[in-house]
2 protein chains.
Amino acid sequence: MNIFGAVESGGTKFVCMVATGPDNILAETRFPTTDPDETLRKTVDFFVENRQDYPLKALGIGTFGPMDLDPKSPTFGFITTTPKAGWNQTDITGILAAALKIPVAVDTDVNAAALGEHRWGAAQGLDPMIYITIGTGIGAGGIYHGKPMHGLVHPEVGHIRIPHDRNVDPFEGICPYHKDCLEGLASGKALEKRWGQPAKSLPDGHPAWELEADYLALALVNLICALSPKRIVLGGGVMKQDHLLSMVRRRVQHLLNNYIQSPIILHNIQEYIVPPGLKGRSGGLGAIALAIDLFDQSR
Amino acid sequence: MNIFGAVESGGTKFVCMVATGPDNILAETRFPTTDPDETLRKTVDFFVENRQDYPLKALGIGTFGPMDLDPKSPTFGFITTTPKAGWNQTDITGILAAALKIPVAVDTDVNAAALGEHRWGAAQGLDPMIYITIGTGIGAGGIYHGKPMHGLVHPEVGHIRIPHDRNVDPFEGICPYHKDCLEGLASGKALEKRWGQPAKSLPDGHPAWELEADYLALALVNLICALSPKRIVLGGGVMKQDHLLSMVRRRVQHLLNNYIQSPIILHNIQEYIVPPGLKGRSGGLGAIALAIDLFDQSR
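Residues numbered from 1 in each chain as written. Chains lettered and ligands numbered in written order. Predicted model: local features only at pLDDT ≥ 70, side-chain atom pairs only at ≥ 80, totals over all residues. Heavy atoms only, no water.

Draft legend 1. Expanded view of the interface of chain A and chain B. With 43 residues of chain A at the contact, the number on the chain B side is 43 residues. Both faces combined, the contact of chain A with chain B buries some 3800 Å², and carbon together with sulfur accounts for 63% of it. Area buried by chain A at its contact with chain B is led by Leu152(A), Arg161(A) and Tyr259(A), which between them contribute 20% of it. Between the two partners, chain A and chain B, sit zero salt bridges. Where chain A packs against chain B, one counts 28 residue pairs in polar contact (both at pLDDT 80 or more). Those elements that provide at least two residues to the side of chain A that touches chain B are β8 (147-148), α6 (207-227), α7 (242-256) and α8 (263-267) of chain A. Here the side of chain A that touches chain B gets seven residues from one element, more than from any other, and that element is α6(A). Tallied by class, the residues present in the side of chain A that touches chain B amount to 26 nonpolar, 13 polar and four charged. (Contact = heavy atoms within 4.5 Å. Buried area = accessible area lost by both parts, 1.4 Å probe. Salt bridge = Lys/Arg side-chain N within 4 Å of Asp/Glu carboxyl O. Polar contact = N/O pair within 3.5 Å; in protein donor to acceptor, adjacent residues only side chain to side chain. Helix = DSSP H or I, 4+ residues; strand = E, 2+ residues; numbered from the N terminus. Nonpolar A, V, L, I, M, F, W, Y, C, P; charged D, E, K, R; others polar.)

Draft legend 2. Here's a closer look at the packing of aromatic side chains. A complete count under the given rule lists 13 aromatic pairs over all chains for this structure. Judged by centre distance (4.9 Å) and plane angle (75°), the rings of Tyr259(A) and Tyr177(B) are edge-to-face. Here Tyr259(A) is found in the loop between α7 and α8, whereas its partner Tyr177(B) is found in the loop between β8 (147-148) and α4 (182-186) on a different chain. Residue Tyr259(A) is classed as buried on the basis of its relative accessible area of 17%. (Phe/Tyr/Trp six-rings, centres within 6.5 Å; stacked < 30°, edge-to-face > 60°. Buried < 20%, exposed > 50% of the residue type's maximum accessible area, 1.4 Å probe, protein only.)

Draft legend 3. Representation of the confidence of the model for chain A within the structure. With 100% of its residues at a pLDDT of 70 or more, chain A shows a mean pLDDT of 96. Model confidence for the complex: the whole-complex pTM is 0.97, and ipTM, which rates the interface, is 0.96. (pLDDT = per-residue confidence, 0-100.)

Draft legend 4. Examining the relation of the copies chain A and chain B more closely. After a rotation of 180° and a shift along the axis of 0.0 Å, chain A superposes on chain B with an RMSD of 0.0 Å. Seen this way, the second copy is the image of the first under a two-fold rotation axis. Looking at the rotation axis and the C-alpha trace of chain A, the residue lying nearest is Pro163(A), at 1.9 Å. Interface overlap between copies is the fraction of interface residues in one copy that are interface residues in the other; for chain A against chain B it reaches 100%, indicating a shared surface. (Least-squares fit on C-alpha atoms with pLDDT ≥ 70 in both.)

Draft legend 5. Inspection of the domain arrangement of chain A at higher detail. All names here are of chain A. Here chain A is partitioned into domain 1 (4-112 + 280-298) and domain 2 (124-275). The gap between the C-alpha centroids of domain 1 and domain 2 is 27 Å. Counting residues at the interface gives eight residues for domain 1 and eleven residues for domain 2. When the buried surface of domain 1 facing domain 2 is broken down by residue, Leu-69, Val-110 and Asn-111 rank first, second and third, together holding 61% of it. On the surface where domain 1 and domain 2 come into contact, there are zero salt bridges. Taken together, the elements giving at least two residues each to the side of domain 1 that touches domain 2 come down to β5 (104-108) and α3 (109-120). Tallied by class, the residues present in the side of domain 1 that touches domain 2 amount to four nonpolar, three polar and one charged. (Domains from an automatic or database assignment.)

Draft legend 6. Quick peek at the nonpolar core. Membership of the largest hydrophobic core comes to 104 residues, with the highest contact counts inside it found for Ile132(A), Leu234(A), Val252(A), Ile132(B), Leu234(B) and Val252(B). Not counting chain neighbours up to four residues away, the residues in contact with Val252(A) comprise Ala217(A), Leu220(A), Val221(A), Ile224(A), Ile269(A) and Ile273(A). (Core = buried A, V, L, I, M, F, W, Y, C linked by side-chain atoms within 4.5 Å.)

Draft legend 7. The pattern of salt bridges, seen in detail. Summed over all chains, the structure comprises 18 salt bridges over all chains. The partner of Glu28(A) in a salt bridge is Arg30(A), with the nearest N and O atoms 3.4 Å apart. Glu28(A) gets classed as partly exposed once you look at its relative accessible area, which sits at 28%. Residue Arg30(A) is classed as partly exposed on the basis of its relative accessible area, which comes to 48%. In this structure, Asp180(B) engages Arg166(B) in a salt bridge whose closest nitrogen and oxygen atoms are separated by 3.4 Å. Here Asp180(B) is found in the loop between β8 and α4, whereas its partner Arg166(B) is found in the loop between β8 and α4, with 14 residues between them in sequence. Where salt bridges share partners, they join Glu28(A), Arg30(A) and Arg281(A) into one cluster.

Now the structure itself:
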């Protein structure tokens, strides 16, 4: 059995994993994201400590961004213009490849999570599909015609613009670039700012959730109309509110208003807009899938 | 030289073409779209009349929709739930294949136009790219990772939701499904309804154009954030207003507000959002490209 490594590099925590696949996770650790030196040293240490038992064929990284995914660029694999203190222009890919001396594949955290859910999770084998995380921030990745979605850069779904009726919701939004883009209105951070308490402490019947479902549904409608995915996986901390998912589904149907004549949207939307299948490991296992694909391509 | 046929099936007119490629168009005709029997008979007649001089290896069709593009579906290649009188559930693909007895490839009109512009036009070799038509209606197609964009169905970009400030624009929108979706606010038909005169008769300094540029820019920002295309081609009758394109570009830059740190968006947006390169033949030549690809795959 070939063994692979995964790094899920998040803005608040790092998860490192050694596995052969989703059913055989051999080692795993998580620690807070501090400065790049300390955080990447801990990452290297984890894989070095496990090296004797679990020698790796390749490493996959799914990281927060924005990042440079242009293979022809001198800063390929770098975290680029992040506002996160200390991480601006960090060559996460090169540093880990040099320290561990194994092939390294890299993508955004959300593309890794999408790949994980596409390979082994709630959207297995479905192409195109998208994975959206609604947490502190909002982001999305996807698989389109067999590969993670990249283009000029990578999708930045958190920053799409949606209708915002200030008579209903006078909150101006928190995005430092766009104020009331999707992330500015509907991220966990926006919920906390608007309602003066953390999203997870807002009770089920709170008006926050109707508004949140409406904003998320408007975003999903736009992604359905732009991409026509075969399944949408919704992850992230805000989606842990169980009742929110069914509110979003109903609202998507209402907004589409029978325009898209697809049975799964009209009659089985609970199979179309779904929670992750990999239980908190979408990104980590997606990074394992990145490593496997890199290894397979190089053989 | 292999010769191919193309059908650009539009809601108001049909264009039929015989060509070997963009620089060698051998025959071409156009006629109004009436009922399916008459329109498809004229289509067949054109290719039959030309058959002796120009025997075809394959035919490509780019058609208005919505259409069924699922190869496993019994209604594959059909125009499906169109409101266009008489065309509901029309097997355009099967009828032309049976009459002409040649292989037929089919896609949406906008995916065909995208393929044409990607193969030979203003987005040559750029992947992903999108083509948007802003005419009587609004639609988009694209190439993503080598192939036209299909998924659950096909993109329906005309129906994305964008911010609509009723204090600035009290017009309620004309989409029969969604009222003030993109098409409901910014299509040629919407312009005509809102301002009481055809779009093309509105003078350059008319306030209609600021509003139109704003709506189109909001839609482009959403597509940039969702898809990250390497180039966007804007076609259709409404875009024939020369000054509109530069207004849209400026407004896209303003709305993105330097968030996407890509030099072409920051400094060369005139090379990023561009008019079609195939001068009214994006769709027809795209259908030729569909036919060529089908022929190449079958060899």
